[in-house]
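# Structural features, examined
Residues per chain are reported as follows:
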Amino acid sequence: MRRHAIIFWTAITLAAIGLLVLLLDPGSRLNILIPLIIVAVVYVLYKFPPRRMNKRPKVKPSKRTAAKLAAKNSTVRKSSPAAKRKQYPFQVIDGQKGKPDPSDDVPKYH
């Protein structure tokens, strides 16, 4: 883990030194300006996409589909959580774990 941190901070330091040298050299300022402009344009387009790319074609559902959706939504709203549970007639069956066997008292043969 420590080895990765050393490699990471070394790369960050070298990148910062390279950026400073690039900014201090008067002839290379244009070389860094073009990529910065491109990155800024891509970021702005990503954050605020154009309206024409954001629109989806609207599809009007048929009357039958609209009726199904309306019926489905109305039944979901009317039903309560208690109505969803079904009542089953469960019966508890006594187990034999931890109880003495009643057949021990009765002889097997009469």
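These numbers come from a predicted model, not from an experiment. (Residues numbered from 1 in each chain as written. Predicted model: local features only at pLDDT ≥ 70, side-chain atom pairs only at ≥ 80, totals over all residues. Heavy atoms only, no water.)

Take the overall build of the protein chain next. Looking only at helices and strands, one finds 5 helices and 0 strands in the protein chain. Here the protein chain, with 110 residues, has 2% of them falling under the buried criterion. Counting only carbon and sulfur atoms, one obtains 65% of the accessible surface of the protein chain, whose full area is about 12,000 Å². (Helix = DSSP H or I, 4+ residues; strand = E, 2+ residues; numbered from the N terminus. Buried < 20%, exposed > 50% of the residue type's maximum accessible area, 1.4 Å probe, protein only. Areas by Shrake-Rupley, 256 points an atom, 1.4 Å probe, with all protein chains shown as cover.)

Below, the discussion takes up the environment of L23. Here L23 shows up in helix α1 (residues 2–24). Not counting chain neighbours up to four residues away, the residues in contact with L23 comprise R29 and I32. (Contact = heavy atoms within 4.5 Å.)

Below, the discussion takes up the packing of aromatic side chains. For the structure shown, the criterion picks out 1 aromatic pair. With a centroid separation of 5.0 Å and 75° between ring planes, the pair formed by F8 and W9 is classed as edge-to-face. Residue class for W9 comes out exposed when judged on its relative accessible area of 53%. (Phe/Tyr/Trp six-rings, centres within 6.5 Å; stacked < 30°, edge-to-face > 60°.)

For the protein chain, per-residue confidence averages 78 on the pLDDT scale, and 75% of positions sit at 70 or higher. Of all the helices and strands in the protein chain, helix α5 (residues 81–84) carries the lowest mean pLDDT, 61, while α1 carries the highest, 88. (pLDDT = per-residue confidence, 0-100.)

The next point concerns a nonpolar patch on the surface. Residues L30, L33, I34, I37, I38, V41, V42 and L45 make up a contiguous nonpolar surface patch of about 740 Å² in total accessible area. Within the secondary structure, L45 is located in helix α2 (residues 29–47). (Patch = residues over 30% accessible without salt bridge, like charges linked within 9 Å, V, L, I, M, F, W, Y side chains within 5 Å. Salt bridge = Lys/Arg side-chain N within 4 Å of Asp/Glu carboxyl O.)

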